[in-house]
Amino acid sequence: MQPNNRIVSGMRPTGPLHLGHYFGVLLNWVQMQEEFDCLYFVADWHALTTNYAEARDVKAFVPELVADWLAAGLSPERCVLFQQSQVKEHAELHLLLSMITPNGWLERNPTYKEVREESSKDLSTYGFLGYPVLMCTDIIMYKPKLVPVGQDQLPHLELTREIVRRFNYLYGDFFPEPEARLTTSPKLPGLDGRKMSKSYGNSIYLKDPMSEVRPKIMSMLTDTKRMRLKDPGEPKDCNLFPYLELLAPTGILPEIEEGCRAATRGCGDCKKLLAEKMADFLEPIQARRKEYETRPDTLKDIINEGSAKARALAEETMADLRRLMNFDF
Ligand code: TRP
């Protein structure tokens, strides 16, 4: 593996993945496999920053998350899939970085304030404040060039770069500054037009059977100003149209837009078309998932073997770093 061609990213194991995750991040991960040496990991320690009281539940989510990844097209032959807590070096580097990270940087992080205030949990913990420090650790351990993440992670990435600069200033040039890589897919709203999120109950999950997806599609909000079929609609104000932009062949989109604006095409037609395209899209994903579900040991092997590979890289980084800091006893 050439360090300069490496990318790293992770997700927390907090539940099944939905289309927002797929088009926002996962598709990018899948595509990047072709071009980069990829390390993708399950951020299970990160799950504890908010769900510390449900620590015992995290274990079951780990293979679930990896099953979603494999279903979406990640290949254990082409990338390293690992689990954060199986690479203890992350804990050591996190400790060292925590020594040099000013509190003010963490307290000013907009995500920190927002999540802490909105959450029903008590998040006035040391670990939750340090979320970005652990995230920085996960990334720089492998000295990647790029980090493919969703838009919401950009403040964290910026903090990572600041911590790297401070580390390099204090101890000598050691870590390269990683850069974020966003998807080019347009944003996909939830069924009700808000952000697609588990807590809003407005998601389509990659593992949802079509028998559940179809009624979800039928219940979708379209252009809310269009009350009757004979009212002209506006695809730009329609909540369903972005789904067609992602899933229907681009060639038929102009005709749909015209029909909507001329009030010759009804929302029911679009819903029917989307259901058809959604079935085509989900079918191969769910077929791959089924294969892994029948082989839980294979899934476990993939995670353990990937973690061993990541550990070897992390051990190398930490040996160099201990020498650099004169902590190599
Ligand atoms: N914060 C990320 C999320 O919530 C998960 C994550 C943890 C991560 N460590 C990371 C992502 C390192 C990229 C790189 O989705």
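Residues numbered from 1 in each chain as written. Predicted model: local features only at pLDDT ≥ 70, side-chain atom pairs only at ≥ 80, totals over all residues. Heavy atoms only, no water.

J.: Please clarify how the nonpolar core should be interpreted in this entry.
T.: Side chains of nonpolar character tend, in soluble globular proteins, to be buried together. Core analysis: the largest hydrophobic core is formed by 60 residues, its most contacted members being W69 and M278. Looking at this core, you find at least three residues from each of domain 1 (6–188 + 297–324) and domain 2 (208–289). When near neighbours in sequence (up to four residues on either side) are disregarded, M278 contacts L19, I204, M210, V213, I217, Y243 and L247. Core analysis: the next-biggest nonpolar cluster, separate from the first, contains 39 residues, L129, Y131, F167 and M325 among them. (Core = buried A, V, L, I, M, F, W, Y, C linked by side-chain atoms within 4.5 Å. Buried < 20%, exposed > 50% of the residue type's maximum accessible area, 1.4 Å probe, protein only. Domains from an automatic or database assignment. Contact = heavy atoms within 4.5 Å.)

J.: Any chance you could explain the site of the ligand here in plain terms?
T.: In the region of the ligand, 13 residues are neighbours, and G10, R12, Y131, D138 and Q153 sit closest. Here a nitrogen atom of the ligand and a side-chain polar atom of Y131 are 2.7 Å apart. In this structure, Q153 approaches the ligand through a side-chain N or O atom, which is 2.8 Å from a nitrogen atom. Coverage of the ligand by the protein amounts to 91% of the 370 Å² it exposes when considered alone. Per element, the largest residue contribution to the shell around the ligand is four residues, and it comes from helix α8 (residues 131–140). (Near = heavy atom within 4 Å. Polar contact = N/O pair within 3.5 Å; in protein donor to acceptor, adjacent residues only side chain to side chain. Areas by Shrake-Rupley, 256 points an atom, 1.4 Å probe, with all protein chains shown as cover. Helix = DSSP H or I, 4+ residues; strand = E, 2+ residues; numbered from the N terminus.)

J.: Just checking my understanding: could you explain the environment of A312 for this structure?
T.: Note on placement: A312 falls in helix α14 (residues 296–324). Placed 225 residues apart in sequence, A312 and V87 show a C-alpha to C-alpha distance of 9.0 Å.

J.: How should I be thinking about the domain arrangement of the protein chain in this particular structure?
T.: How large an interface is tends to be reported as the accessible area lost when its parts come together. The domain architecture assigned to the protein chain consists of domain 1 (6–188 + 297–324) and domain 2 (208–289). Taking the mean C-alpha position of each, domain 1 and domain 2 sit 34 Å from one another. Domain 1 puts 14 residues into the contact, and the matching count from domain 2 is nine residues. Both faces combined, the contact of domain 1 with domain 2 buries some 990 Å², and carbon together with sulfur accounts for 72% of it. It is L19, A71 and L188 that lose the most area in domain 1 upon contact with domain 2, and together they represent 46% of the buried surface on that side. Counting across the interface, domain 1 meets domain 2 through two salt bridges. Mapped onto the side of domain 1 that touches domain 2, the elements with two or more residues apiece are α1 (19–32) and α3 (58–72). Element by element, the count of residues in the side of domain 1 that touches domain 2 is highest for α3, at six residues. Along the lines of polarity and charge, the residues of the side of domain 1 that touches domain 2 split into nine nonpolar, two polar and three charged. (Buried area = accessible area lost by both parts, 1.4 Å probe. Salt bridge = Lys/Arg side-chain N within 4 Å of Asp/Glu carboxyl O. Nonpolar A, V, L, I, M, F, W, Y, C, P; charged D, E, K, R; others polar.)

J.: Can you help me understand the packing of α3 against α14 in this one?
T.: A pair of packed helices can be characterised by two numbers: the angle between their axes and the separation between those axes. Between α3 and α14, the least distance of the axes is 10 Å, while the angle of their chain directions is 90°. By the angle between their axes, α3 is roughly perpendicular relative to α14. Between α3 and α14, the contacting residues are V62, P63, V66, A67 and L70 on the first element and L299, I302 and I303 on the second. Along the lines of polarity and charge, the residues of the contact of α3 with α14 split into eight nonpolar, no polar and no charged. (Axes fitted to C-alpha atoms, helices over the stretch in contact; angles between N-to-C directions. Parallel < 35°, antiparallel > 145°, perpendicular 65-115°, else oblique.)

J.: Looking at this structure, how should I read the packing of aromatic side chains?
T.: The relation between two aromatic rings is expressed through the spacing of the ring centres and the mutual angle of the planes. Applying the stated criterion across every chain yields a total of 13 aromatic pairs. An angle of 85° between the planes, with centres 4.9 Å apart, marks the rings of Y22 and F23 as edge-to-face. Taken individually, Y22 and F23 each receive the classification buried, so the pair is uniform in this respect. Considering the side-chain rings of W29 and Y40, the 4.3 Å spacing of their centres and the 5° angle between planes classify their relative orientation as stacked. Linking W29 in helix α1 with Y40 in strand β2 (residues 37–42), this pair joins segments that are 11 residues apart in sequence. Side by side, W29 and Y40 carry an identical accessibility label, which is buried. Grouping aromatic residues by their ring pairs yields a cluster made of F167, Y171, F174 and F175. Across from the ring centre of F174, 4.0 Å away, lies the NZ or CZ of K143, which sits over that ring. Sitting over the ring of Y292, R295 keeps its end group 5.3 Å from the ring centre. (Phe/Tyr/Trp six-rings, centres within 6.5 Å; stacked < 30°, edge-to-face > 60°. Lys NZ or Arg CZ within 6 Å of the ring centre and 35° of its normal.)

J.: What's the story with the side chain of T49 in this structure? I'm lost.
T.: By the element assignment, T49 lies in helix α2 (residues 44–51). Assessed through its relative accessible area of 8%, T49 is described here as buried. From its side chain, T49 meets the backbone oxygen of H46 in a polar contact 2.6 Å long. Beyond its immediate chain neighbours, meaning those up to four positions away, T49 contacts L123, T125, G127, F128 and Y131.

J.: I tried to follow unusual backbone geometry on my own but got confused; where do I start?
T.: The general pattern is negative phi for most residues beyond glycine and trans for most peptide bonds. Phi angles above zero are rare outside glycine, and A263 is one such case at about 60°. Within the element layout of this structure, A263 appears in the loop between α12 (253–261) and α13 (267–293). With phi around 60°, N326 is a residue other than glycine that occupies positive phi space. Relative to the helices and strands, N326 is located in the segment after α14. Overall, N326 belongs to the exposed group, its relative accessible area being 59%.

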